[in-house]
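Given next are the chains, with one letter for each unit.
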Amino acid sequence: MLWLLAFVPVVLIAAKLTPEAHSALFVLSVLAIVPLAALLSHATESVAAKTGDAIGGLLNATLGNLTELVIATAALHAGEYMLVKASIAGAIVTNTLFMLGASFLLGGLKYHVQEFNRASARLQAGLLFLATVALLIPSAIAEADKGSAAAVTQKLSVGLAVLLILGYGLGLLFSLGTHREIFASANHTDEEEAPWPIGLALATLAGVTLLVALVSEIFVESVQKAAEAFGMSAAFVGFIVVALVGGAAEMVAAFSGARKNRLDLSVGIALGSAAQIALFVAPVLVLLSYVIGPSPMDLQFWPGAVVMVLIATLTAAFITNGGRSAWFVGVLALMVYTIFAMTLYILPPGGP
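All figures in this text were calculated on a predicted structure; none of them were measured in a lab.

Colleague: So what's going on with the overall build of the chain? Which residues, and what values?
Modeller: When helices and strands are counted, the chain shows twelve helices and two strands. Ordered by position from N to C terminus, the α and β elements of the chain give α-α-α-α-β-α-α-α-α-α-α-α-β-α. Looking at the chain residue by residue over its 352 residues, the buried ones come to 52%. By sequence separation, contacts in the chain at least 24 residues apart represent 86% of the contacts at least 6 residues apart. Here the chain has roughly 15000 Å² of accessible surface; of this, 72% comes from carbon and sulfur atoms.

Colleague: Could you give an account of the environment of leucine 28, with specific residues and numbers?
Modeller: Relative to the helices and strands, leucine 28 is located in helix H2 (residues 22–51). Taking the relative accessible area as the measure of exposure, leucine 28 reaches 17% and is therefore buried. Sequence separation between leucine 28 and alanine 15 is 13 residues; the distance between their C-alpha atoms is 9.9 Å. Sequence-distant contacts of leucine 28, that is, excluding residues within four places in its chain, are made with Phe7, Val10, Val11 and Ala14.

Colleague: Let's hear about the pattern of salt bridges: which residues, and what values?
Modeller: Per the counting criterion, the structure on display carries two salt bridges. Here aspartate 298 and lysine 85 are joined by a salt bridge, their closest N and O atoms 2.8 Å apart. Of the two residues, aspartate 298 sits in the loop between helix H10 (263–292) and helix H11 (303–319) while lysine 85 sits in helix H4 (residues 81–110), which places them 213 residues apart along the sequence. The class for aspartate 298 is buried, based on a relative accessible area of 15%. Arginine 324 is the salt-bridge partner of glutamate 115, the closest N and O atoms lying 3.8 Å from each other. Of this pair, glutamate 115 sits in strand E1 (residues 114–115) while arginine 324 sits in strand E2 (residues 324–325), placing them 209 residues apart in sequence. Owing to a relative accessible area of 45%, glutamate 115 belongs among the partly exposed residues under this scheme.

Colleague: An account of the nonpolar core is requested, with residue identities and associated values reported.
Modeller: If you look at the biggest cluster of nonpolar residues, it comprises 102 residues, and the most contacted ones within it are Val93 and Phe239. Element by element, the count of residues in this core is highest for H10, at 15 residues. Every residue in contact with phenylalanine 239, bar those within four places of it in the chain, is listed here: Ala86, Ala89, Gly90, Val93, Thr94, Trp302, Ala305, Met308 and Leu344.

Colleague: Tell me what's going on with empty space enclosed by the protein, and back it up with residues and numbers.
Modeller: Going through the model one piece at a time under the given rule, you end up with two cavities of 30 Å³ or more. Of the pockets and cavities examined, the second largest cavity occupies roughly 110 Å³. Counting only elements with at least two residues in the lining of the second largest cavity, the list comes to helix H3 (53–77), H4, helix H8 (234–246) and H10. Residue classes in the lining of the second largest cavity are distributed as eight nonpolar, two polar and one charged.

Colleague: Outline unusual backbone geometry, listing residues and values.
Modeller: Even without a glycine there, the phi angle at asparagine 261 is positive, about 65 degrees. Following the sequence through the fold, asparagine 261 ends up in the loop between helix H9 (248–259) and H10.

Colleague: Account for a nonpolar patch on the surface, with residues named and values stated.
Modeller: A contiguous nonpolar patch, built from Leu109, Trp327, Phe328 and Leu332 and spanning about 420 Å² of accessible area, is present on the exposed surface. Counting residues per element, the nonpolar patch draws most heavily on helix H12 (residues 327–345), which supplies three residues. Mapped onto the secondary structure, leucine 109 falls in helix H4. Using a relative accessible area of 57% as the deciding quantity, one classes leucine 109 as exposed.

Colleague: Before we move on, can you summarise helix H7 (residues 198–230) with the specific residues and values?
Modeller: Its maximal kink placed at valine 223, H7 deviates by approximately 45 degrees. A positive backbone phi angle near 75 degrees is found at glycine 231, which sits one or two residues after H7.

Colleague: Which residues make up the environment of leucine 76, and what values do they have?
Modeller: Within the element layout of this structure, leucine 76 appears in helix H3. For the pair leucine 76 and leucine 285, spaced 209 residues apart in sequence, the C-alpha to C-alpha distance is 7.6 Å. Each residue touching leucine 76, except ones within four places of it in the same chain, is listed here: Tyr81, Val84, Leu285, Leu288, Ser289, Ile292, Gly293, Pro294 and Met297.

Colleague: Break down the packing of aromatic side chains for me, with residues and values.
Modeller: Summed over all chains, the structure comprises seven aromatic pairs. Between phenylalanine 104 and phenylalanine 116, the aromatic rings sit 5.7 Å apart at their centres with planes inclined by 25 degrees, giving stacked as the arrangement. Of the two residues, phenylalanine 104 sits in helix H4 while phenylalanine 116 sits in the loop between E1 and helix H5 (118–144), which places them twelve residues apart along the sequence. Pair check on accessibility: phenylalanine 104 and phenylalanine 116 agree, each one buried. Here a set of aromatic residues connected by ring pairs shows up, and it is made of Phe98, Phe255 and Tyr337. For lysine 85, the ring lying beneath its charged end belongs to phenylalanine 301, and the centroid distance is 5.9 Å.

Colleague: If you had to explain the side chain of serine 139 to someone new, which residues and values would you point to?
Modeller: By the secondary structure assignment, serine 139 is in helix H5. For serine 139, a relative accessible area of 8% puts it in the buried group. Within the local environment of serine 139, its side chain forms a polar contact with the backbone oxygen of leucine 135, the two atoms lying 3.3 Å apart. Once residues within four sequence positions are removed from consideration, serine 139 is found in contact with Gln300, Phe301 and Val306.

Rules and cut-offs
- Residues numbered from 1 in each chain as written.
- Predicted model: local features only at pLDDT ≥ 70, side-chain atom pairs only at ≥ 80, totals over all residues.
- Heavy atoms only, no water.
- Helix = DSSP H or I, 4+ residues; strand = E, 2+ residues; numbered from the N terminus.
- Buried < 20%, exposed > 50% of the residue type's maximum accessible area, 1.4 Å probe, protein only.
- Contact = heavy atoms within 4.5 Å.
- Areas by Shrake-Rupley, 256 points an atom, 1.4 Å probe, with all protein chains shown as cover.
- Salt bridge = Lys/Arg side-chain N within 4 Å of Asp/Glu carboxyl O.
- Core = buried A, V, L, I, M, F, W, Y, C linked by side-chain atoms within 4.5 Å.
- 1 Å grid on protein atoms, 1.4 Å probe; cavity = no way out; pocket = protein on both sides within 12 Å on 5 of 7 lines; lining within 4 Å.
- Points joined across faces, edges and corners; volume = space filled by probe spheres on them.
- Nonpolar A, V, L, I, M, F, W, Y, C, P; charged D, E, K, R; others polar.
- Patch = residues over 30% accessible without salt bridge, like charges linked within 9 Å, V, L, I, M, F, W, Y side chains within 5 Å.
- Bend = angle between axes of the 7 residues up to and from the residue.
- Phe/Tyr/Trp six-rings, centres within 6.5 Å; stacked < 30°, edge-to-face > 60°.
- Lys NZ or Arg CZ within 6 Å of the ring centre and 35° of its normal.
- Polar contact = N/O pair within 3.5 Å; in protein donor to acceptor, adjacent residues only side chain to side chain.

See below:
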């Protein structure tokens, strides 16, 4: 699929020459992201071969989430807080259900049963649950006391943002530092192709991540108008379309790892990316809103978004509890995700 790299300069040039051709830019940006995701996948696997799946998964999640952070920062600067919150919640749900479920399904179609380190999955699910509680409280306060809720929610959101960043940092210290032996990858005997040299892999990661961010920005600028042309609601675009395309690079790496019987890498990317968005990206955006936003942003999400994030977190905890997976486990997660997608698709254009 590397011939699709030709679409990268095409979409960048087209965005300069015909910025009003939203539907065409939408299609071109999707075609350009696919080969970039493949390159990012191979480079990440090469780094993971040198550093281990735990650090490899964290690296892929971090680089993949740079795209979401760039997109959300641009929307934050423009005051599009609803789009920012929709992309955050959508990315958490998509990574937790679609990416993890599809990895289990694709790996299970090749291997009868696959094993992974359930301690790592439990940690990520626990961090996600912490973030879900932090999103639930401001929404609950807003529903209970509509009079003084705005001022209280704003102050509470700043405190929660700092607390979540601290929790994420301590989670990294626990998994990669003080108790790293608990989170070692499960042993696999599957033969793998020779990894790239570490220098080439790191250079590829840096260059491709930059290109993915540029192309994804064009995608987001065109997706709203294209969605109207294709009859998609704003909620569906924010939760599903933007999240799927924004996480394409991570998905390719997760799916490839599952097919090579490296499910620790897949679980680390899927749940690690979701936890990083919830505990790092979202709080950073709240704090950044005081600097680059027209007004401060809070962590109050609409009830439907909080419910979906909570269900996604509980589903992930349920299906990863045993440390083993098969293809039907992936089907269960994908069905939950499909229920959400169907609901969001039939919502009216006004959104949730």
